[in-house]
Every structure is written in C-alpha cells, then in structure tokens.
Amino acid sequence: MTPLGKEQLITQFAAYAPHVDTAILGKAYDFSVRAHADQERASGEVYFVHCQSVATSLVEWKMDLPTICAGLLHDTLEDTPVTQEIMRAEFGEEITRLVLGVTKLERLEYSSRDDVQAENWRKMLLATAQDIRVIVIKLADRLHNMRTLGYLPEEKRQRIAHETIALYAPLAHRLGMFQLKSQLEDLAFKHLWPKEFADLETKVNAMLAAREATLKEFKESLERALADSEFTHRILSRTKSLYSIYGKMQRQNKPFEEIQDGLGVRIITDTISNCYALLGIVHTQFKPVAGSFTDYISIPKMNLYQSLHTTVMGPGGELVEIQIRTDEMHRTAEYGIAAHWRYKTAEHAKDAHLEEKLNWLRQWIEWLQDLKSPREFLDSLKTDLELNQVFVFTPAGEVKPLPAGATPLDFAFAVHTDIGYSCVGAQVNNKMVRLDYQLKSGDICKIITKRGSLPKKDWLMFVKTARARSKIRHYLREKGIVA
Ligand code: MN
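Residues numbered from 1 in each chain as written. Predicted model: local features only at pLDDT ≥ 70, side-chain atom pairs only at ≥ 80, totals over all residues. Heavy atoms only, no water.

### Things to note about the packing of helix α10 (residues 178–192) against helix α12 (residues 242–252)
Just so we agree on the cut-off: Angles shown run from 0 to 180 degrees and are taken between the N-to-C directions of axes, each axis being a line fitted to C-alpha atoms and, for helices, limited to the stretch in contact. Put simply, DSSP H or I for four residues or longer makes a helix, DSSP E for two residues or longer makes a strand, and each gets a number counted from the N terminus. What sets the label is the angle itself: under 35 degrees gives roughly parallel, over 145 gives roughly antiparallel, 65 to 115 gives roughly perpendicular, and the rest give oblique. Here, residues are in contact when the closest pair of their heavy atoms is within 4.5 Å. Only Asp, Glu, Lys and Arg are considered charged, only Ala, Val, Leu, Ile, Met, Phe, Trp, Tyr, Cys and Pro nonpolar, and every remaining residue, Gly among them, polar.
At their nearest, the axes of α10 and α12 sit 8 Å apart, and the two run at 65° to each other. Taken as axis vectors, α10 and α12 run roughly perpendicular relative to one another. Residues E185, D186 and F189 of α10 pack against L242, Y243 and Y246 of α12. Considering only residue class, the contact of α10 with α12 consists of 4 nonpolar, no polar and 2 charged.

### Re the packing of helix α3 (residues 48–60) against helix α8 (residues 133–147)
Basically, it comes down to this: Working rule for handedness: look at the near helix, and if it is turned counterclockwise from the far one by less than a right angle, call the crossing left-handed; if clockwise, right-handed.
In the contact formed by α3 and α8, the axes pass within 9 Å of each other and the chain directions differ by 125°. Taken together, α3 and α8 sit at an angle that is classed as oblique. As for how α3 packs across α8, the hand of that crossing is right-handed. Facing V49, H50, S53, V54, S57 and L58 of α3, the residues of α8 in contact are V136, I137, A140, D141, L143, H144, N145 and R147. Residues belonging to the contact of α3 with α8 are distributed by class as follows: 7 nonpolar, 5 polar and 2 charged.

### What about the domain arrangement of the protein chain?
Rules: Domain borders in the structure are assigned automatically or taken from a domain database. Salt bridges are identified by distance alone: a Lys or Arg side-chain nitrogen within 4 Å of an Asp or Glu carboxyl oxygen. Polar contact criterion, stated in full: a pair of N or O atoms within 3.5 Å, where within protein one must be able to donate a hydrogen and the other to accept it, and residues adjacent in sequence count only if both atoms are side-chain atoms.
Taken domain by domain, the protein chain consists of domain 1 (6–177), domain 2 (195–334) and domain 3 (388–478). Look at where the C-alpha atoms of domain 2 and domain 3 centre, and you get two points 35 Å apart. Every contact between the two is made by 5 residues of domain 2 and, on the other side, 7 residues of domain 3. Connecting domain 2 to domain 3 are 0 salt bridges. Inspection of the domain 2/domain 3 interface yields 0 residue pairs in polar contact (both at pLDDT 80 or more).

### Remarks on the pairing of strand β8 (residues 423–428)
What counts here: Strands were regarded as paired on the criterion that DSSP finds at least two bridges between them.
Pairing of β8 with strand β10 (residues 445–449) involves 5 bridges; the strand directions are antiparallel. Within β10, the residue paired with A426 across the bridge is I447. Sheet topology note: the β8/strand β9 (residues 431–433) ladder contains 3 bridges and is antiparallel. Residue pairing for β9: Q427 is matched across the bridge by M432. What sits between the antiparallel neighbours β8 and β9 is a turn of 2 residues, in which N429 has the positive phi angle 50°.

### Here's the deal with the sheet that holds β9
What the 3 strands build is an open sheet, ordered β9-β8-β10; its pairing is antiparallel. On the outer flanks of this sheet lie β9 and β10, each paired with one strand and no other. Neighbouring strand axes in the sheet, compared pairwise and without regard to direction, differ in orientation by 35° on average. The sheet strands contacting helix α17 (residues 408–415) are β8, β9 and β10, and the helix crosses β10 at an angle near 80°.

### Thoughts on unusual backbone geometry
The criterion, for reference: Remark: exposure states derive from per-residue accessible area (1.4 Å probe, protein chains only) relative to the maximum for the residue type, with buried under 20%, exposed over 50%, and partly exposed in between.
You will see that K62, though not glycine, has its phi angle at about 55°, which is positive. Take K62: it is sitting in the loop between α3 and α4 (65–73). The class of K62 is partly exposed, set by a relative accessible area of 30%. Unlike most non-glycine residues, N253 shows phi in positive territory, near 50°.

### Here's the deal with the side chain of D443
The condition is simple: His is not counted, nor are the chain ends, whereas Lys and Arg count as positive and Asp and Glu as negative.
Positionally, D443 belongs in the loop between β9 and β10. Buried charge D443 goes without a salt bridge, the closest partner of opposite sign being K440 at 4.5 Å. A distance of 3.2 Å separates the side chain of D443 from the side chain of N429, its partner in a polar contact. At 3.4 Å, the side chain of D443 and the side chain of Y437 are in polar contact. Setting aside its immediate chain neighbours within four residues, D443 contacts F391, V392, F393, V428, N429 and Y437.

### A look at the sheet that holds strand β5 (residues 319–326)
The 5 strands lie next to each other as β1-β2-β5-β4-β3, forming an open sheet whose pairing is mixed. Every interior strand has two partners, whereas the edge strands, β1 (234–237) and β3 (294–295), have only one. Bridge count between strand β2 (residues 263–269) and β5: 7 bridges; the pairing is parallel. Bridge pairing links I268 to R325 in β5. Against the sheet, helix α11 (residues 194–227) contacts β1, β2, β4 (308–313) and β5, and its axis sits at roughly 30° relative to β2.

### Some details on the pattern of salt bridges
One pass over the structure, following the stated rule, counts 17 salt bridges. Of the charged contacts in the structure, one is a salt bridge between D30 and K6, with a shortest N-O distance of 3.0 Å. Linking D30 in helix α2 (residues 23–35) with K6 in helix α1 (residues 6–16), this pair joins segments that are 24 residues apart in sequence. Taking relative accessible area as the criterion, K6 reaches 26% and is therefore assigned partly exposed. Where K181 meets E185, a salt bridge forms, and the shortest distance between an N and an O atom there is 3.8 Å. A residue pair is termed a helical-turn pair when its members lie 3 or 4 positions apart in one helix, as K181 and E185 do in helix α10 at 4 residues. In this structure, K181 and E185 share a single accessibility class: buried. Each member of the salt-bridge network shares a partner with another, and the members are D64, E94, D131 and R133.

Below is the structure:
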C-alpha cells in the first residue's frame, strides 16, 4: 500500500463524501508535515509517512473527515512541541478530542510494564467509550506500525507483535473489522514465529495452486445452477489467513497436511430474502453436509457479523463451504464498525442493528473501567475479546451471546444485574447445574433467584465476563468485603 499524497487523499475522500468541504483536510496535512519535519522513523523514512499511511487506511475504510484529520495529526501531541491549546485553536474541539484519545499517558507512576500497558489501554478505551472513532484511528496506527516493525530492535518487536496478537487483532475482530484482523494477525505471526510462518506460507501456496482447478470447476457449476434464477448475485472466492490456519493446527494438534480445510466461496446478493432463496437453490443442486448449516442472519454474531453458512459436496466429491450474504452484510463483514461512519447515501439507510451493537460496545467498555487492578483489567479485556462465543437462551427464547467458558452467573448478569445479585442456582436444559458450569451454545438457562440473597466473594473465582466481574466487585467493595 502506497500512502496517498494530499491531493489523492482529498480526491478519494470526495469520491464517497461529495458534498463535504475538504479545506481542513489539506490544512491538517500541511500542519502535520511541518510539525514532524525534523523527525525520522526507525526505517529512516521521514516521520510524516507514518501519519500519511494512517490517514490512507482511514480513507480506505471510508471514515469521516474529523477522523482522517485526527489520523494525520495523531502523533503531534505526543511527539512534537504542538500543544492541546494550539491544536484546539487550529482544528477545533472534535479533532483535538480524537487526537487526545490516542495520545499515550505521560509520566506513568506504575512500576511494571504490564501496569503501564493496562493503564494506557484503560485510557484509550475510556476515550473510545465517548467516541468510538478513537479506536479506529488507533487500529490504523497499529497497522502501519506492524507493517514497519522489521526496523525495530528484536525485543521491542516481540513485545509489539505480542500485544497485537493478544489485544489489537481480537479487538478488530470484536469490532467486526475482519480484513484488518487478518492483516494484523499475519503481520504479528511473521515476527513471532518466522520459521513457522515461512513454512506454512510455502505449503499454503502450493496447495492453492493445486486446488485452483477444482475451485474453478465448482464455481462454474455453481454459476450454472444460479444462472436460471432471477436473483441478483455475484460469486467471490475466499482466502484464509495464514494465522487462522496455524491456529487450527494448534487447536487440533495436527500438521498442515492433516487439517481439513474445505474450499470456500461467497455468494453476494441484494436482499435478505434472496439469501434464503439462493440457499434453497444451492441445497437443491448440491448435497449439503448434515449439521453444517448456520444462520447468522437471524442470530448475528456479537461483532455484527451476518451470513448464511453451509457446506456442500461439489461435483467431484470435494467439500465446499458457502457463505451467502447481502452487499450490506458483506461491507459490514469487511469493515465492521468502520462501516458505520460511511457517508450514507439514500440507498444505505441507517442500520438499527449497528446502533444497538455500538451501545453494547460502549456499555462493555464502561464495565471494564470499573475493574481497578491493572492485572484484572487486562485479564478481563482478554477474556471478553475471546473469539469464541456461545449462544445461550432464556426460557422465553431470548438469545444471549457470551464468551466461551461463561457460566450461569455470567448469563444471570447478562440478563439483569438484580438477577445476578440474587442468583442462588441455575437449571440448564431443565437440570440443576453448579454456578461454575460451562455453558454451551443452544443451552436453555433458567436462573433461580431468592429475594434478599447476596453476591458471594468466591463468585469472582469463576465468572468470565467483565460485566459480571465488575458488578460483583462493585457490590463487594460497597460492603467493604474487598478493597
Ligand atoms: Mn502513530
């Protein structure tokens, strides 16, 4: 990716936001060039290339004007003599607040590096709770830092790659930014395990070459099957990131050769009803693998993801995973919450579903703020960012998505704080279970409450979600039971 120059940034921005005055974008560009004039990156490039690259990603994700300006200016407060006052006078309150959100805390009095890291994360998430664009800028910043990581000393490189894989990539995933998540993971993978990375890359490329013919043949027969229908559609191929394949090898403890990794294609159409209609045609023409169908349209994932998934048998007996989704779902699947700020034209009405998820995100960040010790904060952040989730139902049929390993207590707090507080037991699928039972997808969980019953300190030993943990802590602190 080549970073865009001033005129290119303005042109590309104007292409998706035609009626916005771009004068301030040019001004932010020139201001940042001057502010960083004497600085260099570890790569030997002029420092401004970094700011330019961050702004280029933000334009690529079609973010709004204040976010792109803040992207250009994001390091000026931390690394140059520019002050908040100057920035406020030149660029106003909104852009200044965004830049402050991504600026690291000064003079941390914490002793360990973990504590420093936790406090910086806490600060950034606090700013994010007020304005979610902060995290989008931070992710663009991290993407460029990862792309230029090779120029840093080994120890620093390992630390940054590690933080990227443990926190930033899962966060991108949680925000539904799949493309970015895979990019961050593969960049980190390359630095953390260079030998394994190179090895896998060679094998995957060889396999792709061998499979290309099969995939082409399948796509042609799929195209023939869909050609007679009146439903608008286009078929796309999918590629898996190296790190996701590596993760599968680790989880299944198998070498690459033994990993069952089917071919995959996507069908994109215009409406939800067409998704189901196309699924019908696919299942009529190709035999579906029993139990492989998942409907993430009626039950979306926590990170906004929506699609129909099914695995079918191709003409030559090969298994192919098919994802069917609308254009809108496809955009959200690639850009996640960044899709929210796209300048809406008449054809893309406001997405109520996205609003709801954004509220959920704000809430979650607020619960995290309640966790006082840096260690506990980082641990909860990591657990809640876990990619795996389970869907658990209330007896009334309402679904609650929870991280894998969540317990009936986490479920109780997800339903309502008072239900969590007065919980004395739980039934899963009509059987009594312990409160530390690990819920599975599809479980129907009924919480038994007793009026006047109160939270126990040992609950903290096994709850998984930040919400349950922060609510229990809050209560215990008020009663003076924990500090
Ligand atoms: Mn930066």
